[in-house]
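# Overview (structure and organization)
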Amino acid sequence: MAPQAKIEALLKPAAAEATSTKIADLQAQGLVTFEDAARLDAVAERYAVAVTPTMLGLIDKADPRDPIRAQFVPSALELQQSPEESADPIDDAAFSPLPGLVHRYEDRVLLKVLSVCPVYCRFCFRREMVGPGGEALVGDNLDQALDYIRARPQIFEVILTGGDPFMLSPRRARELTQALAAIDHVKVVRWHTRVPVVAPERVSEEFVHALRADGVATWVAIHANHPREFTPAAQDAIRCMREAGISLVSQSVLLRGVNDRLDILQDLMRGFVALGVKPYYLHHPDLAPGTGHFRLPIAEGQELMRGLRRTLTGVAQPTYVLDVPGGAFKAPLDPVYLQETEGGLQLLDGTGHWHDYKG
Ligand SMILES: *Cc1c(COP(=O)(O)O)cnc(C)c1O
Ligand code: SF4
């Protein structure tokens, strides 16, 4: 089977049938033991499961703590939900005037164009909304969303998300791009996607060209969390987008057991920069249900950020952010480098020493 056909086979069946098949598939791959399979069926009944052949191929099966496995293979720990966790941790619903549209910040809107993903990340903050059974933004709902954008000249940027908007066909991607480019005040169309890394074969030249249109700048935010995800095929996909004149930024989630070490984050950020992708956000994990095992203390995240600042080029620095529960805003969690003293100000250097500044 061609890789594409395999992915479709993994995505296709309705959620209820797919779940048991998929755990069985993972069992057949040697990634789930017979004893665990029953408990993981319970996880898969609640949260969608899919792993692409590319990601399966990266897992070191001998390592139970493999960082790629941790991101995609379900764990019984997901059955533990704590009271502070919620199905809609950043309360998109409160900022959603129409189906599929979230308008939280005045000059930009999110369009959730479809709910499928090529993989289902175990830490996903939209895990209760994404999955193979969900709906796509089509027909009247899409027309209404476009009308909403057309009627509001303050909307400068449209962010396409989902699910994963790179799961659209090239034809639908082109139609959407053209429709947005035809709106005078929309100057930027930004796609948020994990496809270039987890299913790079989908990033065909035809698809990449479908993202471009006169009158708008196309930006793509690429989600990757571990340097091993930059396979040769992923590198080609990223290169293809750059050559088409698309501006590229990164998006990663800081995850316990995946990338919570300075050397891994260094390689990840350098990996992006080497491919011409500007590191943009390092997200603190949201309070999505059953994801407590991925979260680390914010102070630990800040210590890692200090390490990146000390060791990497300025171009490789992401902003560490947290979406405040309740959906108020995305808060930067930058470590503090400046403090007020009686005599003036002090600044912290990379080795932990404070320097006076009088100015
Ligand atoms: C995060 C987010 C954005 C994009 O924010 P940027 O800081 O511009 O990347 C837009 N809309 C919503 C609702 C968001 O949560
Ligand atoms: S690709 Fe994005 S939306 Fe899809 S499961 Fe992963 S984090 Fe969630």
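### Considering the pattern of salt bridges
- A complete count under the given rule lists 20 salt bridges for this structure.
- Between Asp92 and Arg104 there is a salt bridge whose closest N-O contact spans 3.2 Å. Here Arg104 lies in strand β1 (residues 101-105) and Asp92 lies in the loop between α5 (67-72) and β1, a separation of 12 residues in the sequence.
- The class for Arg104 is buried, based on a relative accessible area of 17%.
- Between Asp92 and Arg126 there is a salt bridge, with its nearest N and O atoms 3.3 Å apart. Taken as a pair, Asp92 in the loop between α5 and β1 and Arg126 in the loop between β2 (108-112) and α6 (139-150) lie far apart in primary sequence, 34 residues in all. Grouping residues by exposure puts Asp92 and Arg126 together as buried.
- Linked by salt bridges that have partners in common, Asp92, Arg104, Lys112 and Arg126 make up one network.

### Thoughts on helix α10 (residues 232-243)
- Taking 1.5 Å of rise per residue, 12 residues should cover 16 Å, and α10 covers 16 Å from first to last C-alpha, within 8% of that figure.
- Structurally, α10 contributes buried residues whose contacts are with α8 (195-198), α9 (205-210), β5 (217-223) and β6 (247-253).

### Points about the side chain of Arg122
- Structurally, Arg122 can be placed in the loop between β2 and α6.
- Polar contacts involving the side chain of Arg122 include one to the main-chain carbonyl oxygen of Ala48, which spans 2.8 Å.

### Quick notes on the pairing of strand β3 (residues 157-161)
- The buried count for β3 comes to five of five residues, which makes it a mostly enclosed element.
- Here β3 shows two buried faces, one formed by Glu157, Ile159 and Thr161 and the other by Val158 and Leu160.
- Pairing analysis gives five bridges linking β2 to β3, with the strands arranged parallel. Across the sheet, residue Val109 finds its bridge partner in β3, namely Val158.
- For the crossover that starts at β2, traverses α6 and ends in the parallel β3, the hand is right-handed.
- Of the pairings in the sheet, the one linking β3 to strand β4 (residues 188-193) comprises four bridges and is parallel in character.

### Here we look at the pairing of strand β12 (residues 354-357)
- Pairing between strand β11 (residues 344-348) and β12: four bridges, direction antiparallel. Across the sheet, the residue bridging to Leu345 is Tyr357, located in β12.
- Connecting β11 to the next strand, β12, in antiparallel fashion are five residues, including Gly352 with a positive phi near 95°.

### A short note on the packing of aromatic side chains
- For the structure on display, the rule yields six aromatic pairs.
- Note on Phe230 and Phe272: the rings are 5.1 Å apart at their centroids and 80° apart in plane angle, and the pair reads as edge-to-face. Taken together, the residues span a long stretch of sequence, with Phe230 in the loop between β5 and α10 and Phe272 in helix α11 (residues 262-274) at a distance of 42 residues.
- Its relative accessible area of 0% is what places Phe272 among the buried residues.
- Centre to centre, the rings of Tyr280 and Tyr281 are 4.0 Å apart; their planes meet at 25°, and the pair counts as stacked.
- Among the residues examined, Tyr280 registers a relative accessible area of 26% and is labelled partly exposed.
- Pairwise contacts between aromatic rings join Phe166, Trp191 and Phe207 into one cluster.

### What about the sheet that holds β11?
- As summarised here, the arrangement of the three strands in space is β10-β11-β12, forming an open sheet in which the pairing is antiparallel. The open sheet has two edge strands with one neighbour each: β10 (338-341) and β12. Neighbour-to-neighbour, the strand axes of the sheet open up by a mean angle of 30°, direction not taken into account.
- In the sheet, β10 pairs with β11 via four bridges, with the strands oriented antiparallel. Residue pairing in the sheet places Thr341 in a bridge with Gly344 of β11.

Basis of the calculations
Residue positions are counted from 1 within each chain, in the order its sequence is given. Written order decides the labels, with chains lettered from A and ligands numbered from 1. For a predicted model such as this one, the threshold for reporting local features is a pLDDT of at least 70, and the threshold for listing and counting side-chain atom pairs is 80 or more; totals across whole chains, interfaces and linings nevertheless cover every residue. To obtain the side-chain values, all non-hydrogen atoms of the structure were included, while hydrogens and water were left out. Every case where a carboxyl oxygen of Asp or Glu lies within 4 Å of a side-chain nitrogen of Lys or Arg is listed as a salt bridge. Helical segments are the DSSP runs of H or I of at least four residues, strand segments are the runs of E of at least two, and each set is numbered from the N terminus. Only protein chains enter the accessibility calculation, which uses a 1.4 Å probe; a residue whose area is less than 20% of its type maximum is buried, one above 50% is exposed, and one in between is partly exposed. Every helix has an expected span of 1.5 Å times one less than the residues it contains. Two residues qualify as a contact provided that any one of their heavy atoms is within 4.5 Å of a heavy atom in the partner residue. We call two N or O atoms a polar contact when they sit within 3.5 Å, provided that within protein one can donate a hydrogen and the other can accept it, with sequence-adjacent residues counted only if both atoms are side-chain atoms. Strands are labelled as partners when DSSP assigns at least two bridges between them. Note on handedness: a clockwise path from strand one over the helix to strand two, with the strands aimed away from the viewer, defines a right-handed crossover. Any Phe, Tyr or Trp ring, taking Trp's six-membered ring, that has another such ring centre within 6.5 Å forms a pair; planes under 30 degrees apart are called stacked, those over 60 apart edge-to-face, and the others tilted. Inter-axis angles, ranging from 0 to 180 degrees, are taken between N-to-C directions of lines fitted to C-alpha atoms, where helices are fitted over the stretch in contact.

Just distances and angles here, no functional claims.
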